[in-house]
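# Tertiary structure, described
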Number of protein chains: 2
Amino acid sequence: MKRENTKQKLLDVAIDLFSKKGYDVVSVREITRHVGVKESALYNHFRNKADILDIIIDIFIDEVGKTSFPLDEIDEGLKQMDLSAYLQYQLLLFYKKMTPRMAKIWQIIYMEQFRNKKARDVVLNEIMGRPDKFYKKVFQVAFENDKLKTTQPETLAKMYQYTLLSLSWEQMLRHINGEDISNIIEKRYEIIRLICD
Amino acid sequence: MKRENTKQKLLDVAIDLFSKKGYDVVSVREITRHVGVKESALYNHFRNKADILDIIIDIFIDEVGKTSFPLDEIDEGLKQMDLSAYLQYQLLLFYKKMTPRMAKIWQIIYMEQFRNKKARDVVLNEIMGRPDKFYKKVFQVAFENDKLKTTQPETLAKMYQYTLLSLSWEQMLRHINGEDISNIIEKRYEIIRLICD
DNA sequence: GTCTATACGAGGATAGAC
DNA sequence: GTCTATCCTCGTATAGAC
């Protein structure tokens, strides 16, 4: 129990520090100092520094993979709502799942995606790929139900999802800069309005 | 002249190594070893390691700021071409300016944007902001000339440019992974086709 | 099983000799 | 301008105390 306690503390401190300063800048000594143990004690719980980041990314995969973008609920959802309401509903679901801890991990993954292969694959698969598939099906179903007028529902879906992606990117940069980001959230609804015309 | 020679060599090696491995991982000793001087010699040309990155980012600002996205050429361009041709033409201009050296610097800026304030501001201003303004005017002018049918040319412009942004992001990640990226280039033309319908 | 103490090589950076 | 010598911090491994 002492073991699990220390390990959990180390992980929490690491998530906090990594998200604030970046993985490379944070030292093992800094993490253990915050917990109150010597740096050598960390190696009883983690293989090395990289292992900590690895476990943090696994937490993200677990949370996102379990709960987000279920393909089999689309048909039913679009029976009850029109496309505009359904897209807004999906945005709300997304915000709801974004706990402070998950927001930190999200930031860590964005920060490390260019240097860490696992973080990069999470971005490609979980953040780009799976939502892409999800919204392609959403737009396809809406198209078949005459709820969307376009010649290319798949390309429109990609545009929608990739615009959201860039907005989340911009939001993260402005968040780090300490700028106001409430207007970026508003922009997402603007885009839904444009698409559903 | 010996000074300028060494400084230029150090800068070139730094650009190459930073783009391949990332700023933090590359050591001052590694850079100077490639040039053939001692690590302390580097401090005659640069204040510190961060100063090198700073200068590299300045090179990017200089190149992009001088040549890209001139607002005053839009009216004339759209007189000679329809919107579809003009967007394709702008893409080609962009590819043409992307020399191997600039591609490396581009990658460095993407890698460091979450940790380095100056890189972050370059992304926000030069990569997101200025193209955004440019395409907003393009779509506005096309709208006024009846070359574009929509109720919200500004939002559509943002969607177009932000979709390109995410594509460049995805392209960089797949490039680092050593994956094939030719189909991403094709996707840009698909999106132009969708918008111009 | 978990901790502290300690040591090693490598990192960024500086001072002073040539 | 470039060198050698030096300093402190880093990630990590090991030995031994409880």
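Residues numbered from 1 in each chain as written. Chains lettered and ligands numbered in written order. Predicted model: local features only at pLDDT ≥ 70, side-chain atom pairs only at ≥ 80, totals over all residues. Heavy atoms only, no water.

### A look at the side chain of A:S168
Put simply, the rule reads: Numbering of helices and strands runs from the N terminus; a helix is a DSSP stretch of H or I covering at least four residues, while a strand is a stretch of E covering at least two. For this analysis, residues touch if any pair of their heavy atoms sits within 4.5 Å.
As for its position among the elements, A:S168 is in helix α8 (residues 153–176). Once residues within four sequence positions are removed from consideration, A:S168 is found in contact with A:Y110 and A:R188.

### Some thoughts on the packing of aromatic side chains
Where we set the bar: Here a Phe, Tyr or Trp ring, Trp counted by its six-membered ring, pairs with any other such ring whose centre lies within 6.5 Å, and the pair is stacked when the planes are under 30 degrees apart, edge-to-face when over 60, and tilted otherwise. Ring-over charges, as used throughout, are those where CZ of Arg or NZ of Lys falls within 6 Å of the ring centre and within 35 degrees of the ring normal.
If you walk through the whole model with that rule in mind, you get 27 aromatic pairs over all chains. When the ring centre of A:Y23 is taken as reference, the NZ or CZ atom of A:K49 above it lies at 4.4 Å. One residue, B:K7, lies across the ring of B:F46, its end atom 5.5 Å from the ring centre.

### A few points about helix α5 (residues 83–97) of chain B
All names here are of chain B. In plain terms, the rule: Each helix should span, by expectation, one fewer than its residue count multiplied by 1.5 Å. Each residue is assigned to one of three classes by its accessible area relative to the maximum for its type, calculated with a 1.4 Å probe on protein chains only: buried under 20%, partly exposed between the two thresholds, exposed over 50%.
The end-to-end C-alpha separation of α5 is 21 Å, in line with the 21 Å expected for 15 residues at 1.5 Å each. Those residues of α5 that fall on the buried side of the exposure criterion are L83, S84, Y86, L87, Q90 and L91. In the core, the buried residues of α5 are packed alongside α4 (74–80), α7 (117–144), α8 (153–176) and α9 (182–195).

### Details of helix α3 (residues 49–67) of chain B
It helps to recall that an α-helix has 3.6 residues per turn; residues three or four apart then point in one direction. Residue and element names in this part refer to chain B. Rule in force here: Polar contact criterion, stated in full: a pair of N or O atoms within 3.5 Å, where within protein one must be able to donate a hydrogen and the other to accept it, and residues adjacent in sequence count only if both atoms are side-chain atoms.
In a regular helix each residue adds 1.5 Å, so 19 residues correspond to 27 Å; α3 covers 29 Å between its end C-alpha atoms and thus fits that length. Buried within α3 are the following residues: K49, D51, I52, L53, I56, I57, I59, F60 and V64. A side-chain oxygen of the first residue of α3 lies 3.2 Å from the backbone nitrogen of A50; this N-cap is N48. Downstream of α3 by a residue or two, F69 has a phi angle that is positive, lying close to 55 degrees.

### Description of the relation of the copies chain B and chain A
Our working rule: The atoms used to superpose the copies are C-alpha atoms, taken from residues with pLDDT of at least 70 in both, and the fit is least squares.
Superposing chain B onto chain A takes a rotation of 180 degrees plus a shift of 0.0 Å along the axis, which leaves an RMSD of 0.1 Å. With respect to symmetry, the two chain copies, as superposed, fit the operation of a two-fold axis. In this assembly the copies share their binding face: 100% of the residues contributing to the interface of chain B also contribute to that of chain A.

### Re the interface of chain B and chain A
Condition: Two parts placed together each lose some accessible area under a 1.4 Å probe, and adding up what both lose gives the buried area. Whenever Lys or Arg places a side-chain nitrogen within 4 Å of a carboxyl oxygen from Asp or Glu, that contact is recorded as a salt bridge.
On the side of chain A, 45 residues touch chain B, which itself brings 45 residues to the contact. Of the roughly 4,000 Å² buried between chain B and chain A, counting both surfaces, carbon and sulfur atoms make up 67%. If you look at where chain B meets chain A, you find four salt bridges. Put simply, B:E112 and A:R115 hold a salt bridge, and the shortest N to O gap is 3.2 Å. The tally of links from chain B across to chain A stands at 20 residue pairs in polar contact (both at pLDDT 80 or more). Elements with a minimum of two residues in the side of chain B that touches chain A: α6 (100–112), α7, α8 and α9 of chain B. Sort the elements by how many residues they give to the side of chain B that touches chain A and α8(B) lands first, with 16 residues.

### So, the domain arrangement of chain A
Residues and elements named next belong to chain A. The condition is simple: Reported domain spans reflect what an automatic or database domain assignment gives.
Each assigned domain of chain A is listed with its residue range as follows: domain 1 (1–46) and domain 2 (52–195). One C-alpha centre belongs to domain 1, the other to domain 2; they are set 31 Å apart. The interface is formed by 15 residues belonging to domain 1 together with 13 residues belonging to domain 2. For the pairing of domain 1 and domain 2, the buried interface totals around 1,200 Å² over both sides, and the portion due to carbon and sulfur atoms is 74%. Three residues stand out in domain 1 for area buried against domain 2, namely I15, F18 and S19, and they jointly supply 43% of the buried area on that side. Connecting domain 1 to domain 2 are three salt bridges. Between D16 and K104 there is a salt bridge, with its nearest N and O atoms 2.8 Å apart.

### Some words on the pattern of salt bridges
All names here are of chain A. Evaluation of the coordinates by the stated rule reveals 40 salt bridges over all chains. D54 is paired through a salt bridge with K118; the nearest N and O atoms lie 3.0 Å apart. On the criterion of sequence distance, the pair formed by D54 in helix α3 (residues 49–67) and K118 in helix α7 (residues 117–144) is long-range, its members being 64 residues apart. Owing to a relative accessible area of 28%, D54 belongs among the partly exposed residues under this scheme. The exposure class assigned to K118 is partly exposed, which follows from its relative accessible area of 23%.

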